[in-house]
Amino acid sequence: MRSIDEQKRLDSDIDKYQVIGAEDRDNLLIYLCYKKMLLATPRDFVYFKGIRKEAHEGVWSDVARSINFVSNSPHKEKNVLGRIILSGLTARDLSQGEQQPHRKCFVRLYTEVDLQIEMPVFVMRKFVRSQSRQYIEKLIARIAELYPLA
């Protein structure tokens, strides 16, 4: 997603989302900070994000990976600096070329992160699975709220 304001509107857990460098509008250096959740200390990330659109196929994709700390990053010492090992998504427009009242798309997301937290693997897997479901449900509800169908 290119729009920082839209990203903040969709995800209420974001404390700060800022482009701190850009090669062009599709290759960005981003600082992202999440608010404190439950008992966890706030997490922030500094990462490179590449965005691509294949217009003829109706596909958007992006990929992200943390980079070494950048001096102009607004990282707060009280936060834990997480690491995006690899993250990406593809979104395919399923209604391309069709006359449908409502657009449909298929989204595939992959994320591998190191949250810098000590937790047994089986507990982490269960936590991540449940949080992912809740996050997706929250985003769907937020999109419906922000962009109601006619």
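Let us look at the structure shown here. Counting from 1, residues in each chain are numbered in the order their sequence is written. In keeping with the predicted nature of the model, local features appear solely for residues at pLDDT of at least 70, side-chain atom pairs appear and are counted solely at 80 or more, and the whole-chain, interface and lining totals rest on all residues. Hydrogens and water are ignored here; the side-chain numbers use all heavy atoms of the structure.

Moving on: the overall build of the chain. In terms of regular secondary structure, the chain is built from two helices and seven strands. Seen in sequence order, the chain has helices and strands lined up from the N terminus as α-β-β-β-β-β-β-β-α. Residue contacts are counted whenever heavy atoms from the two residues lie within 4.5 Å of one another. Of the contacts made within the chain by residues no fewer than 6 positions apart, 44% connect residues no fewer than 24 positions apart. Accessible surface, the chain as shown: approximately 10,700 Å² in total, 56% of it carbon and sulfur. Secondary structure is summarised from DSSP: a helix means a run of H or I of at least four residues, a strand means a run of E of at least two, and numbering begins at the N terminus for each. Note on areas: these come from Shrake-Rupley sampling with a 1.4 Å probe, and a residue is covered only by the protein chains present in the view.

Looking now at a nonpolar patch on the surface. On the surface, Ile117, Met119, Phe122, Val123, Phe127 and Val128 cluster together into a nonpolar patch covering about 500 Å² of accessible area. Topologically, phenylalanine 127 is positioned in helix H2 (residues 121–146). Relative accessibility thresholds used throughout: buried, under 20% of the residue-type maximum; exposed, over 50%; partly exposed, between the two (1.4 Å probe, protein chains only). Here phenylalanine 127 falls in the partly exposed class, since its relative accessible area comes to 32%. Residues qualify for a patch when their relative accessible area is over 30% and they have no salt bridge, like charges being joined within 9 Å and the nonpolar side chains of Val, Leu, Ile, Met, Phe, Trp and Tyr within 5 Å. Between Lys or Arg on one side and Asp or Glu on the other, a salt bridge is scored when a side-chain nitrogen of the former is within 4 Å of a carboxyl oxygen of the latter.

Tracing the chain through its elements places serine 66 in strand E4 (residues 59–66). Each C-alpha atom, one on serine 66 and one on leucine 86, is 7.8 Å from the other, the two residues being 20 residues apart in sequence. Excluding residues within four positions of it along the chain, serine 66 makes contact with Val46, Tyr47, Gly82, Arg83 and Ile84. Counted as a polar contact is a pair of N or O atoms within 3.5 Å, where, for protein atoms, one must be capable of donating a hydrogen and the other of accepting one, and residues adjacent in sequence contribute only when both atoms are in side chains. Looking at serine 66, its side chain comes within polar contact range of the main-chain nitrogen of isoleucine 84, at 2.6 Å.

Of all eight residues that make up strand E2 (residues 27–34), six are buried, and the element is covered over most of its length. Two strands make a pair as long as DSSP finds a minimum of two bridges between them. The sheet contact formed by strand E1 (residues 14–24) and E2 spans eight bridges and is antiparallel. When the sheet's bridge partners are listed, glycine 21 is paired in E2 with leucine 29. The loop that links E1 with its antiparallel partner E2 comprises two residues. Taken together, the seven bridges between E2 and strand E3 (residues 43–54) define a ladder with antiparallel strand orientation. The residue bridging leucine 28 from the neighbouring strand is lysine 49, located in E3.

Bringing the nonpolar core into the picture now. Nonpolar side chains tend to gather and get buried jointly when the protein is soluble and globular. To form a nonpolar core, buried Ala, Val, Leu, Ile, Met, Phe, Trp, Tyr and Cys residues must be joined to one another through side-chain atoms within 4.5 Å. By size, the foremost hydrophobic cluster in this structure holds ten residues: Ile14, Tyr17, Leu28, Ile30, Leu32, Phe45, Tyr47, Ile51, Ala64 and Ile84. Mapped by element, the contributors of at least two residues to this core are E1, E2 and E3. By size, the runner-up hydrophobic cluster in this structure holds five residues, among which are Leu29, Tyr31, Cys33 and Val46.

The next thing to look at is the side chain of asparagine 79. Looking at the secondary structure, you find asparagine 79 in the loop between E4 and strand E5 (80–81). By relative accessible area, asparagine 79 is classed as buried at 6%. Not counting chain neighbours up to four residues away, the residues in contact with asparagine 79 comprise Tyr31, Cys33, Thr41, Pro42 and Asp44.

Here we come to the packing of aromatic side chains. Centres within 6.5 Å are what make two rings of Phe, Tyr or Trp a pair, Trp counting through its six-membered ring; a difference in plane orientation under 30 degrees is then read as stacked, over 60 as edge-to-face, and the rest as tilted. This model, assessed by the stated rule, comprises one aromatic pair. Centre to centre, the rings of tyrosine 34 and phenylalanine 45 are 6.4 Å apart; their planes meet at 85°, and the pair counts as edge-to-face. Residue tyrosine 34 is found in strand E2, and its partner phenylalanine 45 is found in strand E3; the two are separated by eleven residues along the sequence. Judged by relative accessible area, phenylalanine 45 falls into the buried class, the value being 5%.

Evaluated as defined, the whole model comprises four salt bridges. Here arginine 52 makes a salt bridge to glutamate 54, at a shortest N to O gap of 2.6 Å. Within this structure, Asp11, Asp13 and Lys138 form a network of salt bridges that share partners.

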